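What follows is each chain in one-letter form.
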Amino acid sequence: MEPVRTLIVDDEPLARTGVAAMLRGDPEVAVVGECADGREAVRAIDAMRPDLVLLDVQMPELDGFGVVREVGPERMPVVVFLTAFDRYALQAFEAHALDYVLKPFTDARFHAAIGRAKEQVRQRRMGALGDRLVALMGGAPVLPAAPRPVSRILVRETGRVTFVRVEEIDWIEAQDYYARLHVGGRAHLVRETLQELEAQLDPGRFVRVHRSAIVALDRVREVRPDFAGRYVIVLVDGTRVPLSRRRREAFERALGQSL
């Protein structure tokens with residue numbers, strides 16, 4: 001594959017140097033530039049058209065989210081946010097980031113994010129190539145079929161690999177960069193984020209009710225208001241899962257009725 005053209009954006013020179021050093025040993029990545037602030041980053045993205053931007057969140061004048069707004073989400077390359085504060089995580093995904101990495105980050109966490117970013121770049125390139133081939137043949141682009149929901153999820157445990165059938169899952173809980181499947185009183189840690197699992201599950205059976213929780217609709221027993229005017233979802237086994245205000249509308253659509 002042609003190297004992933006990467007732009008590093010961070011207002012700290014040592015941070016830029018460190019990120020560039022971590023990428024130096026990857027033959028699939030080519031660092032095409034470095035920027036020290038958001039305004040410079042906007043100009044560089046317009047001029048260089050990189051495939052990937054490693055983007056610091058906190059910068060003077062124009063922060064990382066401001067860069068996305070200035071360039072426009074539809075014109076942004078693949079983005080991995082770099083931040084020292086995990087409170088920006090949800091905002092990062094709302095800004096269409098592929099991933100975010102908390103500073104100081106480990107080599108494993110950084111390279112895991114880069115690996116996902118490279119795969120996203122490959123998918124974008126294949127989509128663009130397909131459109132160009134169709135255009136050359138005088139036809140209309142053929143939209144890819146929607147991926148089928150998974151029927152089971154792989155769980156790696158000490159000394160063995162098992163599978164959990166999705167119909168057995170009661171709910172799923174975010175656990176840092178992993179997710180915890182709750183299945184009939186047992187819990188299984190899987191090496192995928194909640195966002196990754198959400199994309200694989202049937203939306204007719206599972207719904208994201210909080211930034212840190214997905215529930216199986218057929219496990220919902222009742223929904224109760226709490227003292228603050230919010231709602232708590234009670235599952236058939238008595239587990240209580242908070243329903244966030246921003247997820248309430250999607251939950252009501254999934255239920256087919258208003259609360």
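The structure this text deals with has already been given above.
Rules and cut-offs
- Residues numbered from 1 in each chain as written.
- Predicted model: local features only at pLDDT ≥ 70, side-chain atom pairs only at ≥ 80, totals over all residues.
- Heavy atoms only, no water.
- Helix = DSSP H or I, 4+ residues; strand = E, 2+ residues; numbered from the N terminus.
- Buried < 20%, exposed > 50% of the residue type's maximum accessible area, 1.4 Å probe, protein only.
- Contact = heavy atoms within 4.5 Å.
- Areas by Shrake-Rupley, 256 points an atom, 1.4 Å probe, with all protein chains shown as cover.
- Polar contact = N/O pair within 3.5 Å; in protein donor to acceptor, adjacent residues only side chain to side chain.
- Pairing = 2+ DSSP bridges.
- Axes fitted to C-alpha atoms, helices over the stretch in contact; angles between N-to-C directions.
- Phe/Tyr/Trp six-rings, centres within 6.5 Å; stacked < 30°, edge-to-face > 60°.
- Arc of directions from axis to C-beta.
- Left-handed = near helix turned anticlockwise from the far one by under 90°.
- Right-handed = clockwise from strand over helix to strand, strands pointing away.

Examining the overall build of the chain
- Broken down by element type, the chain carries seven helices and 15 strands.
- Looking at the 259 residues of the chain, the share that counts as buried comes to 39%.
- Sequence separation of 24 or more characterises 50% of the internal contacts of the chain that already satisfy a separation of 6 or more.
- Accessible area for the chain stands at about 14700 Å²; split by element, carbon and sulfur atoms hold 52% of it.

Considering helix α3 (residues 64-71)
- Burial runs high along α3: six of the eight residues are buried.
- By the burial criterion, the buried members of α3 are Gly64, Phe65, Gly66, Val67, Val68 and Val71.
- For α3, the capping residue at the N-terminal end is Asp63, with a side-chain oxygen 3.2 Å from the backbone nitrogen of Phe65.
- Positive phi appears at Gly72, one or two residues downstream of α3, with a value of about 100°.

Observations concerning the sheet that holds strand β10 (residues 186-190)
- On the basis of which strands lie adjacent, the open sheet formed by five strands has the order β10-β9-β8-β12-β11 and antiparallel pairing. The open sheet terminates on both sides in strands that have one partner only, identified here as β10 and β11 (206-210). Looking at each pair of strands side by side, their axes are set apart by 25° on average, direction ignored.

Points about the packing of aromatic side chains
- Here the structure, examined in full by the defined rule, presents two aromatic pairs.
- A centroid spacing of 5.0 Å and a plane angle of 55° characterise the contact between Phe65 and Phe81, whose relative ring orientation is tilted. On the criterion of sequence distance, the pair formed by Phe65 in helix α3 and Phe81 in strand β4 (residues 78-83) is long-range, its members being 16 residues apart. For the pair shown, Phe65 and Phe81 are each scored as buried.

A short note on helix α1 (residues 13-23)
- Among all positions of α1, only Ala15, Arg16, Val19, Ala20, Met22 and Leu23 are buried. Seen along its axis, α1 keeps its buried residues to an arc of 160°; they face one direction. Opposite its buried face, α1 presents the exposed residues Pro13 and Leu14, each directed more than 90 degrees away.

Here we look at the side chain of Asp56
- With respect to the helices, strands and loops of the structure, Asp56 is situated in strand β3 (residues 52-56).
- A distance of 3.3 Å separates a polar atom in the side chain of Asp56 from a polar atom in the side chain of Lys103.
- In this view, Asp56 contacts Val9, Asp10, Asp11, Gly64, Leu82 and Lys103; residues no more than four positions away in its chain are not counted.

With respect to the sheet that holds strand β13 (residues 220-225)
- In spatial order, the strands read β13-β14-β15; together these three strands make up an open sheet with antiparallel pairing. Edge positions in the sheet fall to β13 and β15 (240-243), since each has one partner strand and no second. Strand-to-strand twist of the sheet, defined as the mean angle between neighbouring strand axes without regard to direction, takes the value 30°.
- Note that strand β14 (residues 231-235) and β15 share four bridges and pair antiparallel. Bridged to Val234 within β15 is Arg240.
- Helix α7 (residues 245-255) rests against β13, β14 and β15 of the sheet, and its axis sits at about 105° to β15.

What about the packing of helix α2 (residues 38-48) against α3?
- Interaxial distance between α2 and α3 falls to 9 Å at its minimum, and their mutual angle equals 35°. Where α2 crosses over α3, the two elements pack in a sense that is right-handed. Across from Gly38, Arg39, Ala41, Val42 and Ile45 in α2, the residues of α3 making contact are Val67, Glu70 and Val71.

Comments concerning the pairing of β4
- By the criterion of burial, β4 is predominantly enclosed, with six of the six residues buried.
- Burial along β4 is two-sided: Val78, Val80 and Leu82 and Val79, Phe81 and Thr83, pointing in opposite directions, are all buried.
- Looking at chain direction, β3 and β4 are connected through five bridges and run parallel. Looking at the pairing, Leu54 lines up with Val80 of β4.
- Following the chain from β3 across α3 to the adjacent parallel β4, one finds a crossover that is right-handed.
- Summarising the sheet, β4 and strand β5 (residues 99-102) pair through four bridges and their orientation is parallel. Considered in β5, the bridge of Phe81 is made with Tyr100.

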